[in-house]
Amino acid sequence: MIASIQYNSNKYKIDFSQPIDISIPLIASKQNVNAWYIDEPKIEPVQIEDWIASVAEGSPVNFNDIQFNPHAHGTHTECVGHITKKVHSINQNLNQFFFLAEVITVAPEKLNDDFVISKKQVQFALGNKKRDAVVIRTIPNTKEKLSMQYSNTNPTYLLEETANYLKKKGVKHLLIDLPSVDKEKDEGKLLAHNAFWNTTGKLRLDATITEFIFVPNNVVDGTYFLNLQIAPFENDATPSKPVLYEILD
């Protein structure tokens, strides 16, 4: 299924039958990727007295309750409501779902006891390119990211200057394969979140951050179209399924 897209003054072709899913699925297991010091997700059949809503238990249907936290348990997309007193819903503020994106790969730099992504690294990777979305893959890029338990590990994070650079460059949608763009324990400063959403000025209500993605190694750096699919939760964050489409020659 080949589609032709006109974006500004340029024309592109993509194949809708060849999606590249960069989300991490949510499973009811301790092997589910996890952060922020909480238990694994739970997916369990409803039980009412002696009735268990499972076909395996004699029910005509499977009818499960699901308990999870979007920030801790997998790929999720969040809006500025994640860090503001006023309630802002991702479902209300993300109204477009198809974007020109750049995939870049970054080897985090050592800074004191931390590993960070610097402005210089992202600036070098993007050059003069103008993109709606930037997808950051960090290395090493192993399948351990699909089940990593990040609590108390001090993962890599973005420097404030990096988030500021992306904001000034006009990037509206930032996607990263880490549990957060900020340091795990930073006394609640959330410098990169605040910088990207411009909380000291006019809030970027239509800007989003997507965390806990996984970009396979066979996906080369470069320009793609991104379909940012979300579940319609009225919440600051929601589970999401970002899908890339390679641009055809």
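Residues numbered from 1 in each chain as written. Predicted model: local features only at pLDDT ≥ 70, side-chain atom pairs only at ≥ 80, totals over all residues. Heavy atoms only, no water.

As annotated in an unreviewed UniProt entry, the protein chain carries the name Kynurenine formamidase and comes from Meridianimaribacter flavus.

The secondary structure content of the protein chain amounts to 4 helices and 17 strands. A globule of 249 residues ought to have a C-alpha radius of gyration of about 18 Å, and the protein chain, at 19 Å, matches this closely. Across the 249 residues that make up the protein chain, the buried fraction comes to 47%. In the structure as shown, the protein chain presents an accessible area of about 13200 Å², 51% of it carried by carbon and sulfur atoms. Distance between charge centroids for the protein chain: 11 Å, based on 25 positive and 30 negative side chains. (Helix = DSSP H or I, 4+ residues; strand = E, 2+ residues; numbered from the N terminus. Rg over C-alpha atoms; globule rule 2.2 N^0.38 Å. Buried < 20%, exposed > 50% of the residue type's maximum accessible area, 1.4 Å probe, protein only. Areas by Shrake-Rupley, 256 points an atom, 1.4 Å probe, with all protein chains shown as cover. Lys, Arg positive; Asp, Glu negative; His and termini not counted. Charge placed at Lys NZ, Arg CZ, Asp CG, Glu CD.)

Our focus in this paragraph is empty space enclosed by the protein. Across all of its chains, the model carries 1 cavity of 30 Å³ or more by this definition. For the lining of the largest cavity, the residue count by class is 5 nonpolar, 2 polar and 2 charged. (1 Å grid on protein atoms, 1.4 Å probe; cavity = no way out; pocket = protein on both sides within 12 Å on 5 of 7 lines; lining within 4 Å. Points joined across faces, edges and corners; volume = space filled by probe spheres on them. Nonpolar A, V, L, I, M, F, W, Y, C, P; charged D, E, K, R; others polar.)

Let us look at the environment of Tyr7. Its place among the elements puts Tyr7 in strand E1 (residues 2-7). Distance in space between the C-alpha atoms of Tyr7 and Gln92 is 24 Å, their sequence separation being 85 residues. Setting aside residues up to four positions removed in sequence, Tyr7 forms contacts with Tyr12, Leu100, Asp132 and Phe225. (Contact = heavy atoms within 4.5 Å.)

In the contact formed by helix H2 (residues 119-126) and helix H3 (residues 160-168), the axes pass within 8 Å of each other and the chain directions differ by 35°. Residues Lys119, Val122, Gln123 and Leu126 of H2 lie in contact with H3, whose contacting residues are Glu161, Thr162, Tyr165 and Leu166. Of the residues in the contact of H2 with H3, the class split is 4 nonpolar, 2 polar and 2 charged. (Axes fitted to C-alpha atoms, helices over the stretch in contact; angles between N-to-C directions.)

If you walk across this open sheet you meet the 3 strands as E10-E11-E13, and the pairing is mixed. One side of each edge strand has no neighbouring strand; the edge strands of this open sheet are strand E10 (109-111) and strand E13 (157-158). Sheet analysis places strand E11 (residues 114-117) next to E13, joined by 2 bridges and oriented parallel. Directly across from Val116, in E13, lies its bridge partner Tyr157. Lying over the sheet, H2 contacts E10 and E11, oriented at roughly 35° with respect to E11. (Pairing = 2+ DSSP bridges.)

This next bit is on the nonpolar core. Grouped together as the largest cluster of nonpolar side chains are 23 residues, with contacts concentrated most on Ile117, Ile136, Leu166 and Phe196. Considering every element that reaches this core, the biggest residue donor is helix H4 (residues 191-197), with 4 residues. Each residue touching Leu166, except ones within four places of it in the same chain, is listed here: Val122, Leu126, Val134, Leu158, Val171, Leu174 and Phe196. In this structure, Ile20, Cys79, Leu175 and Ile213 belong to the second largest nonpolar core, which totals 19 residues. (Core = buried A, V, L, I, M, F, W, Y, C linked by side-chain atoms within 4.5 Å.)

This part is about the side chain of Arg204. For Arg204, the location among the structural elements is in the loop between H4 and strand E15 (208-211). A distance of 2.6 Å separates a polar atom in the side chain of Arg204 from the backbone oxygen of Val171. Excluding residues within four positions of it along the chain, Arg204 makes contact with Lys167, Gly170, Val171, Lys172, Phe196, Trp197 and Asn198. (Polar contact = N/O pair within 3.5 Å; in protein donor to acceptor, adjacent residues only side chain to side chain.)

Our next topic: a nonpolar patch on the surface. Taken together, the side chains of Ile48, Trp51, Val61 and Phe63 present a nonpolar region at the surface, about 380 Å² in accessible area. Of note, Trp51 is situated in strand E6 (residues 51-52). Accessibility expressed as a relative area gives 35% for Trp51, which makes it partly exposed. (Patch = residues over 30% accessible without salt bridge, like charges linked within 9 Å, V, L, I, M, F, W, Y side chains within 5 Å. Salt bridge = Lys/Arg side-chain N within 4 Å of Asp/Glu carboxyl O.)

Quick look at H2 now. Among all positions of H2, only Gln121, Val122 and Leu126 are buried. Axial view of H2: buried residues confined to an arc of 120°, hence all on one face. Across H2 from its buried face, at more than 90 degrees, point the exposed residues Lys120 and Phe124. In the core, the buried residues of H2 are packed alongside strand E9 (98-106), E10, E11, strand E12 (133-138) and H3. (Arc of directions from axis to C-beta.)

With that out of the way, let us pick up the pairing of E12. The element E12 is extensively covered by neighbouring structure, given that 6 of its 6 residues are classed as buried. Relative to E12, E9 runs parallel, the two being bridged by 6 bridges. Across the sheet, Ile104 pairs through a bridge with Ile136, a residue of E12. Across 4 bridges, the pairing between E12 and strand E14 (residues 173-176) is parallel. What sits directly across from Ala133, in E14, is His173.

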